[in-house]
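Chain residues, written in single-letter form:
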Amino acid sequence: MSFFRSNEYEAVVCGAGPAGLMAACTLGKLTGGTRRILLLDKKLPWKEPIFCAEAVSTDRLSNLWPIDRSWVRGNISGIYFTSPKGYRAEFYSKNCGSLLDRSKFHHALADACLKAQVECRFDALVKGLRREEGFWSIDVACDGAVQTIRSKIVIDATGPGSRLTRGIDCLDGIESGDTDLEPAIFAVAEGIKHSREHIELFFGSEFPDGYGWIFPRDGVEVNIGFVLGKNVKTGVPLRQKLQSFIDSHYPDAKIKSIYGGMIACGQSKKPIAKCGLFKAGDAASCVNPISRSGIVESLLCGKIVAECAVEWLNSEKSEERESLEKMAYVRWMDALGKSHLQLQHAKPGFNSIKDSQFDRAAKSLSKLPREKQTLFRIFFGVLWACPSLIWKMRSFLH
């Protein structure tokens with residue numbers, strides 16, 4: 001008995017996070033139901049979604065997907081940049097960001113996939129992938145058994161460190177998905193004094209090569225955590241380090257749950273498509289290297305990859321298909337990748353800023369009226385406090 005409507009598809013999307021959901025929905029919309037599109041994940045996209053990075057730019061999100069207030073927890077009107085000694089600079093811009101309810105947002109994207117006539121199975125685990133006779137053979141575990149289906153195209157949106165495509169000979173040279181993984185941990189907690197309309201970011205040696213954060217959620221709960229550089233050795237488990245940070249700064253906090261794992265934090269220079277396989281989102285390392293933001297980036301990458309995939313399906317010539325595979329990377333780089341590479345070049349210099357320099361810059365900026373605490377002033381305030389950094393970041397600034 002088959003678990004699926006067909007044994008053969010034009011495109012199979014593996015992974016139903018933001019990148020996979022956007023890719024599947026775009027494929028369905030662009031093909032108008034004339035192609036067999038399958039979206040697979042081992043669990044419901046709205047079940048246990050990752051809470052990390054729940055805040056996104058309202059403008060950037062609305063350019064990719066119509067914002068529905070039903071899956072927005074609230075608005076963000078600013079960011080606090082907090083130095084090691086607690087000096088706080090504020091960037092204020094009314095309603096500049098949106099706080100997503102990731103569960104409801106993913107549900108809305110999945111509903112849009114179904115409306116676009118995409119077949120969705122959220123109880124299916126992709127076990128293996130291999131190239132055979134111009135098709136991809138995909139082994140899928142479902143209901144305790146394994147079935148093999150075929151597809152002309154596969155979109156890998158399985159997240160950071162994607163293992164789906166490792167060891168496949170024809171994919172030599174493609175983005176591996178694990179070029180820049182960094183450890184992150186965060187808790188959902190109550191009892192932490194915060195502004196419901198501000199993100200708070202913490203910088204300094206307490207978070208080597210990374211930063212800490214507080215994201216407001218519903219006025220009561222917050223998302224509190226940190227990310228560290230990939231080569232950082234803390235000497236203690238991350239869970240213990242997070243607990244110590246919370247106990248030290250917020251002794252009245254009540255932790256409800258803790259999540260952790262490796263996250264993609266870099267921009268690769270490798271292709272993201274080859275032999276009819278396309279990578280999207282974190283699996284393609286399409287993440288802002290400094291902020292580590294990835295929701296809007298994943299949506300955009302999923303859309304770009306799907307558009308190239310549709311053109312690939314509409315072409316019968318191998319040369320054209322190879323060109324379209326290369327074009328996926330070019331289009332991504334033109335959209336965001338080039339700016340990501342500039343940030344990646346600047347990252348070592350940013351990570352070298354000393355606590356005293358962060359303190360000096362934040363203290364100076366905190367004395368300015370709110371309307372003058374622009375991102376431009378904050379950025380160059382840090383540079384002014386650390387003149388040597390200007391030389392290290394010349395390639396970024398120019």
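Since the structure is predicted, the reported quantities are computational estimates derived from the model, not experimental observations. (Residues numbered from 1 in each chain as written. Predicted model: local features only at pLDDT ≥ 70, side-chain atom pairs only at ≥ 80, totals over all residues. Heavy atoms only, no water.)

In terms of regular secondary structure, the protein is built from ten helices and 16 strands. Accessible area of the protein: about 18,200 Å², with a carbon and sulfur share of 52%. (Helix = DSSP H or I, 4+ residues; strand = E, 2+ residues; numbered from the N terminus. Areas by Shrake-Rupley, 256 points an atom, 1.4 Å probe, with all protein chains shown as cover.)

To continue, consider the nonpolar core. In terms of nonpolar packing, the biggest core is built from 57 residues, with L27, L39, F105, I155 and F278 touching the most fellow members. Among the elements of the structure, β1 (8-14), α1 (18-31), β2 (37-40), α3 (102-115), β9 (145-156), α5 (295-313) and α6 (318-351) are those that each provide at least two residues to this core. Ranked by residues supplied to this core, first place goes to α5 with 13 residues. If we ignore the near neighbours within four places in the chain, the residues touching F105 are L61, W65, W71, L100, I295 and L299. With 21 residues, the next largest nonpolar core counts F4, C14, V154 and I168 among its residues. (Core = buried A, V, L, I, M, F, W, Y, C linked by side-chain atoms within 4.5 Å. Buried < 20%, exposed > 50% of the residue type's maximum accessible area, 1.4 Å probe, protein only. Contact = heavy atoms within 4.5 Å.)

The full count for this structure, using the stated rule, is 18 salt bridges. When the shortest N-O distance is used, the salt bridge between K256 and E190 registers 3.3 Å. Of this pair, K256 sits in strand β14 (residues 254-264) while E190 sits in strand β10 (residues 181-190), placing them 66 residues apart in sequence. If you follow the salt bridges from partner to partner, you end up with E54, E190, R217, E221 and K256 in one network. (Salt bridge = Lys/Arg side-chain N within 4 Å of Asp/Glu carboxyl O.)

Relative to the elements of secondary structure, V330 occurs in helix α6. Of the residues examined, V330 reaches a relative accessible area of 37% and is grouped as partly exposed. Here the alpha-carbon distance between V330 and P271, two residues 59 residues apart in the chain, equals 8.8 Å.

As far as function goes, none of this settles anything; it's purely spatial.
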